[in-house]
Structure formats: C-alpha cells, structure tokens
Amino acid sequence: MQNHIERFVRDESGATAIEYGLIVALIAVGIIAAARGLSSQIGATINPLAAR
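For clarity, every value in this text was computed on a predicted model and none was experimentally measured.

Rules used in this analysis
- Residues numbered from 1 in each chain as written.
- Predicted model: local features only at pLDDT ≥ 70, side-chain atom pairs only at ≥ 80, totals over all residues.
- Heavy atoms only, no water.
- Helix = DSSP H or I, 4+ residues; strand = E, 2+ residues; numbered from the N terminus.
- Rg over C-alpha atoms; globule rule 2.2 N^0.38 Å.
- Buried < 20%, exposed > 50% of the residue type's maximum accessible area, 1.4 Å probe, protein only.
- Areas by Shrake-Rupley, 256 points an atom, 1.4 Å probe, with all protein chains shown as cover.
- Lys, Arg positive; Asp, Glu negative; His and termini not counted.
- Charge placed at Lys NZ, Arg CZ, Asp CG, Glu CD.

Asker: What should I look at first to understand the overall build of the chain in this one?
Answerer: Check the secondary structure of the chain and you find two helices and zero strands. By the compact-globule yardstick of 10 Å for 52 residues, the chain is too spread out, its C-alpha radius of gyration being 23 Å. Looking at the 52 residues of the chain, the share that counts as buried comes to 0%. Approximately 4900 Å² of the chain is accessible, and the part contributed by carbon and sulfur atoms is 68%. Between the centroid of the 4 positive side chains of the chain and the centroid of its 4 negative side chains there is a distance of 21 Å.

Here it is as structure tokens:
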C-alpha cells in the first residue's frame, strides 16, 4: 500500500495535462479578444461602404 501512495504522490502526468489545458485556455481567450477587436474594426470599415 505504501508503494502505491508513493507512486501516486510522485506522478506528475495529471499536472502536466492541467498545465497544457491552462495554456490552451489562455490562447483561446487571446484569440477571442483579438477577434472581438477585429470585428468592431471591420464593422466600422464595412458599414459605411454598405450604406452607399
């Protein structure tokens, strides 16, 4: 039983998966923020053209 507990404490594969998940989440937040900023700029450019 002691051996199982020691292996569980030393196992870092779950921590690595969580770190990768956090990195992906941060990248997704950056992409969403950039897309929102670009969409307002694109809308400001296209709306006057559409109103002609």
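We are not done yet, so read on.
Asker: I'm lost on the environment of I42 in this one. Help?
Answerer: For I42, the location among the structural elements is in helix α2 (residues 13-50). Sequence-wise, I42 and I27 are 15 residues apart; in three dimensions their C-alpha atoms are separated by 22 Å.

These results come straight from atomic positions and should not be treated as a statement about function.
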